[in-house]
Every structure is written in C-alpha cells, then in structure tokens.
Amino acid sequence: MPSLLLAGIAAAPLSPYWLQPGLTIALGVMRRRHPDLFDRLSSLDDPTYLIDPVDLPLVFVLSLNPDHPQLSARRHGDGANTAATIRGPLMALIDLLQGRVDGDALFFSRALLIEGDVGAVVALRNAVESVEVDLLDDLLSVLGPLARPAGQAIRLGNSLLARAARDLAALHTAVLGPALRPPNKMED
Amino acid sequence: MMLDRPDQGGEVPARGDARTKLTMGPVLFNWDPKVWRDFYYTIADQADVDSVCLGEVVCSKRAPLFAPHIPAVIERLRAAGKEVVLSSLALIMAPREMDQMRELAATDEFLIEANDISVAALLEGRDHGIGPFVNVYNEGTLGFLAARGARRICLPTELPAGAINALQKFSAELDTELEIMVFGRLPLAISARCYHARSAGLHKDNCQFVCGQDSDGLVVDTLDGDPFLAINGPQTLSASYLSLAAEIQALQAMGIRRFRLSPHSMDMVKVADVFRALTTGTIDGEEAGTRIAEISGSVATCNGHFHAASGCRSLCL
Amino acid sequence: MTGAAAMELVCPAGTPASLKAAVASGADAVYLGFRDDTNARNFPGLNFSRAELEENLDYAHGRGCKIFLAVNTFPAAGDPGPWHRAVDDAAALGVDAIIVADIGLADYATRKHPNLRRHLSVQASASNPESIRFYQRSFGVKRVVLPRVLTIPEIAALNREIEVETEVFVFGGLCVMAEGRCSLSSYVTGQSPNTNGVCSPASHVQYTSEGDRLISRLGDFTINAFEEGEPAGYPTLCKGRFCAGGKTSYLFEEPTSLNAIGLLSELREAGVTGLKIEGRQRGKAYIAKVVKSFRDAIDAMERGEVIAPADLSSLTEGGENTTGAYERAWR
C-alpha cells in the first residue's frame, strides 16, 4: 500500500462514530440486493467476523446473521465476540471483498492472517464470491453522486450521508487507483 | 477384569458358539516370503480363527514373491479346518493386473473377496465376498451387490456405529453376512504412486521392494514428531492401531457375527485369542486393552470412526 | 480431426457468478452441486440452491452450454433421502446429466429416471475396463470420469476396450490418492469426501504463529510449517510436510496443481471426450482465466494449430504445476 494513500486515509477523520451511518447504509444495501449472500452463511452458527485492517486505526465487526446483520467500526477488537478474525493490509481485505482472491489463493499468501474458525472465513469468502457484481462498487453506487473522490464529497455538505460517502469514497479512491497499486501476489 | 459368565445377558453368545466368527484378513505388507508362509502356517495351526484371507491387496509387484508358497499355505489352512478366502487387489490399473484378477475370478474352489468393483463384476452371479476397499456405505449398494452374489461384505472402516447398525438391520433380510474390521492399522488410502519408493528417492518401476523393510509399514510423523500415518508401498495406513475391543459387545448386540483382524508382525495368535475371548464374553474391553498392550508393546490404538468422531481418536464407550 | 466430435470442455462452478464466468469463457459444459452433503465440494457458502440451479440452467442452455449435476458422495445408511431428492430434482429441472459415484444411487437413478443421462464420477474410482463395463451394463452410464491414477497410454488402452466416453481432469487440485477410496480426512477430522463431501475441512484448520513461523494444523496434527516469507498453503492432508525414515519432505505430494494443457493432443489421440477442470471452490477470476486458456488451446488444436499455452502458474497451488499421473515418472 503506497504510503501516500495511507497518509490520505489516515488523515481523513475515520472516526468509528462518523463511519457508522455509512456502514449501516452499506449493510442495508447488501441485505436488500444480495439476500443469497446471507443465505450462503446460514449454515454457520454465528457468522460474525472481526476485520482488522492493520494499516487503519480501527477494526470492523461484521455480523451477517440474516435477522440482525450488523457492521460496526471500533477503535479495537477487545471484547468483540466473533467467530473469526481476518487481519491484514486494507488492500488485501479489499481484494477479498471484491472477489479478486479466491478461496485457495487466500491461504497461499501470508498477507492475511486468519484466526479462529477458518471454516467461517471460507464461507464468507465463498458468499462474497457468489455476488455477481463488484460488491464494493455496488455499495458505493447506492450513494449515487456522492460516491466521488473525497474532496468533492466533502463539498456536498455536512450531512451524515455525505460524511459516510466521503469516508467510503476515500477507500474507493484507494482501491480504484490502479496506477498507485502495488503488485499484489494474491491477485490473479 | 475377568467377567463372571453367568452374568452375561442373552445377547452374548456362549463360548464356542458358532455364531460369532473371526477372520484373519490378508497380510497387507511386503513380508519376506518365508515369513509370510510361516505366518499362515502358525495361523493355521494355532489361531482360533474361522476364516483366513490371503492374496496381494496392495501392490501387484509383490504377488509373485510369495506365490510359490500359496498352495502349501492353502493346504495347511484347510487341513486345520479353516475357510480360505482369496483377496483381490484393491487398485487395478494395468492390463496385466486386470488379467491376474480375471484369473483369480476364474477360480471357483474358494470364496473370493473383491477389493475392487471390477472383481465383483467378474464374480457376478456366483457367491463371493466384498472387501473393505469397495465402497458399501448404504442399503442401496448393499442390496445391489447382495443380489449379484455378495454373500459376505467387510464394511469400509470409516463407517460409524449408526451406519453399521442400519446396514446390519438391512442385511438381516438378505442372505449376506456383514463383517467388521476390529483390529489393525486402518487402511486409509491407496494410490498409483508408491510412497515407500518416493521416500527412498526411488521410482515405482525400480522400487527395489524397499517396502519390505517395514513389516508393519513405515511410520510417518508430523513435524512435531507425533506418529501420524504409516506407508506401505502405495497404501497409506493409520499410525494408530484400530481396536474395537470395547465395542465388540455393542456390535454383537446389533447382530454382527463376524470380525476381522488385520495381520501385523506382533503375535496374531494371541490377538485372536483376545478377540475370541471378547466375542464369548469371557473378558471385557478393559481386560482386552491390557492384553493387547502386552502383546503389541503398547501401540497406540484408536476407535473414533465407530463413534462418529475423527478416526484417530481413542474414545471410551 | 477425422470426423471425430470435438473434445468437450467441462468446467466447475461453485456459485452462479462462477457459472456465468465459465459460460462466458467458453465452457461446453458446467458441473455443479447442490448446497448440501450430496456432492464432493460441500464447502461452506458454496454451491447452488434449487432456485439458483433452475435460473442458471436457462442461462446456460440459452448459450449452448450443458449443465451436469454432481451427486457424487455416498448416501448415508438409513438416510438416502437427500441424495434421492437431488437426483429427482435434477431430473425435474432438466439437467443434461448427473454425475454419480455410489452404486445404490446409480441404481436408484436408473430405475427412477431412466432417461436422465448418467456419468460416473471420479469418486467411483473406475480405473479399469471391467469396472467401467460394470457401470455401463448395470446403470447405462454414458461417460466415465477417470480417476487421476492413469498414464496416457493406459487411458488409450482403456478407451480401446470400452464403449463409453471418458472424461479426464486437465487442470486444478490433484488428488494423489485414488479418489473415493481415501479416508485420511475422516481419520483426522471425522469428515470425509465420501460421506460429507469435504476433504481437510476448513472448520478443522488452525493457523498459529510461533515467532516468524506460521504453523498450519488440521485437527490434532501439524500439517506444515512455513518460515518467514515462505508462501503458506492450505493444510490439505496429503500435501503436508511430514517425517518418514528420518527425512522431512512432502512425502505424498508437493503443494502443486495438475496442468495438462500441454497434453491435449495426446489426450485426444488416447480417445478422451471430456476435458475437466477442477475447482468448484475457486473464484470466478480463476474460472474465467483457466476456462479461456483451455478454450483457446482446444480451438487451436481443432484448427490444427499449435499455440503457446497460457501461463496459469499464478492460479496453481504454490505456483507449481505437474502433469501428475499422466506421466509414468510421477508414480
């Protein structure tokens, strides 16, 4: 991950508090548009994951229980009751979300560290893979015109939505900046 | 501990009752031909078993080594009143192997045990046995094979008690007897590749019969030094020895009346004595475990598959 | 080609997204399974619901692609229902063939749905002409997927002796044991390919760090350890590092994948009909790339051209390729 981008993201106010509305919207979209993703995880007792981008000062707790899905950002994962932890650079995690790494390749590289129930992680990977569109694009598209580079989004105002859009857009920029992309050995 | 026989319920047959039988399975390892012959002589003369399987199951290259001794071994076993069963190869690929099996199937003097479906097909319409290397997992397959002449089926070793029970109930309606392997390293896999040769840096075609150096297989340890598996030419076995000593009563209660012991280099006559005593209710599983440990030099045992757990586990009833 | 039919490229799909990737990349047929233990890739989050199959059948058929349904585990004693329903639903939905391994289930399908085309799964391990003739005679199977134990000359000899089509694996994960006759996974985890449709299940995998080393374990056993910087593999039992006779090695097989893209014309000469790609558990990116590479190679071969095979090493385990049992030296 280029340090330039890292600096950009770190400079953005990625406070868990401000991120939460965007995350809730994103999860709502996911639930509405991709019910089969949840269905694929229905065999698990508790599809709850701690996702820890090691280069960001926060962690995500993702619960894909179809009745009460939740995605929250926190300062740290202490005390979170999760089936598994996926830890790695943001880039690697986004690759995972976009289906750029497959179930096997996930383990070929040591960019990601899996702790806990590996079966639950494989299930998540397979579920995300089953979505036919780019999940990240899909989530961002719900924000419509707001899903633009951070600077533009910020100018759109001070609403919670804009704030969420800005933060997500920061991630989006990071992902879609191919020129800035480091060679990633997990990529096909 | 020794059990007081009169305390046993009606489920356990009386001593000498012909209902429960023991089979000595085929020698799976590459023993020196004289050792192989003497093993069967000893079993013929001393072991309290009803049936004895012989024949190469694992690697066709070994068959010619002990072939010259087969007639004498058969004669000795028959003279001792034991049923002779001829076991087929488990994995048949080369035309030469197929031809050997056609020859085997043409024999009608003995019960032939098919360890590959090709051999069962060659025996269709005649009484024959099915070995543990053929996948008989359910009633559909059992019924299909029984209808084509399978009179005795030794079930795959990964089946749990529930499946054994269901299959036994089903076979009670058929003229087919089920057999359960109760002792010996578990046959876990068979391959075209020879791991013994590979471990010695040799090719299968020029293997120098290195598998002959390990009379019970070559133990494979994990990186932590835990005994894990055992290789026997192209076959992979468990490092632990299956022992269903403590489960014999439960199996008899289901109606199973035949058990298989898989030969190892330990004193198999004594092992057979232990299982005979178990089937007659003379000793219990705990006593049997103690005796097996004495006979075997305390090999690790396992019984997990029976209990629907990992096969490597050793669980209490 | 001398009037013989073109070889058929049979591709995996674990999800509808993969199926569409396979169809778009030139698959002649796609094989898949229901989301339960009736098929040999019963991995969490993978496979098709009935509704997904129905929808994707139309999609594939509309684009000239066949669908094969794998019902290739061995039904449980006392509970054949799920397997029978899978076969019944396959017939009702109109798949082009079912792929079965179990004798009892093949018998059920033959009696219940005589017009439903039957292929014999690799899990039946039919490695010789007598076995194959048994399945043909008893259940009218039209095609046999050969176990990955045979050399090309052996496959050619076999095809001369049998009347049914053969299909062979040309790419992907490589079983080193005869398929359907391996209970290593069951021994270690209690879950087996034959009964549960899984090998070395992720639910029993553990990764732990010891200093710079990453240890992979399956059940109670250490399968491998990786030094700092060494790519880590999934702890598939038969691809681990073990010690035997005082030596530590990949005793059974290195972490490697089958790639027979250089052997296609030999396989055609040997009389093979179906070329099968392994990997229902792999992602759509893998499917698209592998299927396209084989499509191009087959098409070039049919035109009598030779093209440089695409580099697929990034998609293989450990980046390593093998031609496996197709070459005698593998044994």
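One can find the structure itself at the top, above this paragraph.
Residues numbered from 1 in each chain as written. Chains lettered and ligands numbered in written order. Predicted model: local features only at pLDDT ≥ 70, side-chain atom pairs only at ≥ 80, totals over all residues. Heavy atoms only, no water.

(A) Highlighting the overall build of chain B. Helix and strand counts for chain B stand at 11 helices and 12 strands. Relative to its 317 residues, chain B shows a buried fraction of 62%. Put simply, chain B shows about 11,100 Å² of open surface, and 50% of that area lies on carbon and sulfur atoms. (Helix = DSSP H or I, 4+ residues; strand = E, 2+ residues; numbered from the N terminus. Buried < 20%, exposed > 50% of the residue type's maximum accessible area, 1.4 Å probe, protein only. Areas by Shrake-Rupley, 256 points an atom, 1.4 Å probe, with all protein chains shown as cover.)

(B) Representation of the packing of helix H4 (residues 103-112) of chain C against helix H5 (residues 129-139) of chain C within the structure. Residues and elements named next belong to chain C. Between H4 and H5, the least distance of the axes is 10 Å, while the angle of their chain directions is 30°. Across from Ile103, Ala106, Asp107 and Thr110 in H4, the residues of H5 making contact are Phe134, Tyr135, Ser138 and Phe139. Class assignment for the residues of the contact of H4 with H5 results in 5 nonpolar, 2 polar and 1 charged. (Axes fitted to C-alpha atoms, helices over the stretch in contact; angles between N-to-C directions. Contact = heavy atoms within 4.5 Å. Nonpolar A, V, L, I, M, F, W, Y, C, P; charged D, E, K, R; others polar.)

(C) Fine view of empty space enclosed by the protein. One pass over the full model with this rule turns up 9 cavities of 30 Å³ or more. Reported here for the second largest cavity is a volume of approximately 200 Å³. As for the second largest cavity, its lining consists of 17 residues, of which Pro132, Phe133 and Pro187 of chain B together with Arg181 and Ser183 of chain C are closest to the centre. If you list the elements that add at least two residues to the lining of the second largest cavity, you get strand E7 (177-191) of chain B together with strand E8 (177-182) of chain C. If one sorts the elements of the lining of the second largest cavity by residue count, E7 of chain B sits on top with 4 residues. Residues of the lining of the second largest cavity, tallied by class, amount to 10 nonpolar, 5 polar and 2 charged. (1 Å grid on protein atoms, 1.4 Å probe; cavity = no way out; pocket = protein on both sides within 12 Å on 5 of 7 lines; lining within 4 Å. Points joined across faces, edges and corners; volume = space filled by probe spheres on them.)

(D) Focus on the pairing of strand E3 (residues 66-71) of chain C. All names here are of chain C. Burial runs high along E3: 5 of the 6 residues are buried. Note that strand E2 (residues 29-32) and E3 share 4 bridges and pair parallel. Paired with Tyr31 across the strands is Phe68, a residue of E3. Note on the crossover from E2 through helix H2 (residues 50-61) to E3: the handedness is right-handed. The sheet contact formed by E3 and strand E4 (residues 97-100) spans 4 bridges and is parallel. Bridge pairing in E4 links Val71 to Val100. This β-α-β element, E3 to helix H3 (residues 81-93) to E4, shows right-handed connectivity. (Pairing = 2+ DSSP bridges. Right-handed = clockwise from strand over helix to strand, strands pointing away.)

(E) Molecular detail of the interface of chain C and chain B. Each partner contributes to the interface: chain C provides 66 residues, whereas chain B provides 66 residues. Ranking the residues of chain C by area buried against chain B places Arg181, Tyr187 and Arg331 of chain C at the top, with a combined share of 17%. Linking chain C with chain B are 8 salt bridges. Here Asp224 of chain B and Arg217 of chain C are joined by a salt bridge, their closest N and O atoms 3.4 Å apart. Taken together, the connections running from chain C to chain B amount to 44 residue pairs in polar contact (both at pLDDT 80 or more). (Buried area = accessible area lost by both parts, 1.4 Å probe. Salt bridge = Lys/Arg side-chain N within 4 Å of Asp/Glu carboxyl O. Polar contact = N/O pair within 3.5 Å; in protein donor to acceptor, adjacent residues only side chain to side chain.)

(F) Here's a closer look at the sheet that holds strand E1 (residues 48-53) of chain A. Residues and elements named next belong to chain A. Taken in spatial order, the 5 strands line up as E3-E2-E1-E4-E5 in an open sheet, and their pairing is mixed. Looking at which strands have only one partner, the edges of the open sheet turn out to be strand E3 (70-74) and strand E5 (113-116). Strand-to-strand, the axes of this sheet are offset by a mean angle of 15°, without reference to chain direction. In the sheet, strand E2 (residues 59-63) pairs with E3 via 5 bridges, with the strands oriented antiparallel. Among the inter-strand pairings, Ser63 is bridged to a residue of E3, identified as Gln70. Lying over the sheet, helix H2 (residues 16-33) contacts E2 and E3, oriented at roughly 160° with respect to E3.

(G) Highlighting the environment of Val30 of chain C. All names here are of chain C. Topologically, Val30 is positioned in strand E2. On a C-alpha basis, the gap between Val30 and Ser18 in space is 9.7 Å, while along the polypeptide they are 12 residues apart. When near neighbours in sequence (up to four residues on either side) are disregarded, Val30 contacts Cys11, Pro12, Ala13, Leu19, Ala22, Val23, Cys65, Lys66, Ile67 and Phe68.

(H) Inspection of the sheet that holds strand E11 (residues 221-226) of chain C at higher detail. All names here are of chain C. Sheet architecture is open: 3 strands sit in the order E9-E10-E11, paired in antiparallel fashion. Each edge of the open sheet is held by one strand with a lone partner, namely strand E9 (205-210) and E11. Averaged over all neighbouring strand pairs, the angle between strand axes comes to 25°, with direction disregarded. Sheet topology places E9 next to strand E10 (residues 213-218); 6 bridges connect them, and they run antiparallel. Each bridged residue has a counterpart across the sheet, and for Ser209 the counterpart in E10 is Leu214.

(I) The arrangement of the nonpolar core in detail. In this structure, Tyr49 of chain A together with Phe275 of chain B are the most contacted members of the largest nonpolar core, which totals 254 residues. When residues of this core are assigned to their parent elements, the largest contribution, 9 residues, is made by E7 of chain B. Both domains that furnish three or more residues to this core are identified here as domain 1 (8-174 + 256-330) and domain 2 (194-249) of chain C. Residues in contact with Tyr49 of chain A, not counting those within four places in the same chain, are Leu41, Leu44, Phe60, Val61, Leu62, Leu64, Thr82, Ala84, Ile86, Ala120, Val121 and Leu124 of chain A. (Core = buried A, V, L, I, M, F, W, Y, C linked by side-chain atoms within 4.5 Å. Domains from an automatic or database assignment.)

(J) Looking closely at helix H10 (residues 284-302) of chain C. Residues and elements named next belong to chain C. Here H10 spans 26 Å end to end across 19 residues, near enough to the 27 Å set by a 1.5 Å rise per residue. Along H10, the residues that are buried comprise Lys284, Tyr286, Ile287, Val290, Val291, Ser293, Phe294, Arg295, Ala297, Ile298, Ala300 and Met301. Phi turns positive, to about 80°, at Gly304, one or two residues after H10. (Expected span 1.5 Å × (residues − 1).)

(K) The arrangement of the interface of chain C and chain A in detail. With 40 residues of chain C at the interface, the matching set in chain A holds 28 residues. Buried surface at the junction of chain C and chain A, summed over both partners, amounts to about 2,600 Å²; 50% is from carbon and sulfur atoms. Across the contact surface, chain C and chain A share 3 salt bridges. Taking the shortest distance from any N to any O, the salt bridge between Arg35 of chain C and Asp39 of chain A comes out at 3.3 Å. The tally of links between chain C and chain A comes to 8 residue pairs in polar contact (both at pLDDT 80 or more). Sorting the residues of the side of chain C that touches chain A by element identifies helix H1 (16-24), E9, E10 and H10 of chain C as the ones contributing at least two each.

(L) Layout of the pattern of salt bridges. All names here are of chain C. Taken as a whole and assessed by the stated rule, the structure comprises 52 salt bridges over all chains. For Glu8, the salt bridge is made with Lys66, and the minimal N-O distance between the two is 2.9 Å. Residue Glu8 is located in strand E1 (residues 8-12), and its partner Lys66 is located in strand E3; the two are separated by 58 residues in the primary sequence. When its relative accessible area of 10% is taken as the criterion, Glu8 is described as buried.

(M) Looking closely at the pairing of strand E15 (residues 274-277) of chain C. Residues and elements named next belong to chain C. Burial along E15 is two-sided: the face carrying Gly274 and Lys276 and the face carrying Leu275 and Ile277 are both buried. Across 3 bridges, E1 lies against E15 in parallel orientation. Considered in E15, the bridge of Glu8 is made with Gly274. Summarising the sheet, strand E7 (residues 165-173) and E15 pair through 4 bridges and their orientation is parallel. Bridge assignment links Glu167 to a residue of E15, and that residue is Gly274.

Honestly, that's just the spatial picture; any functional story needs more than this.
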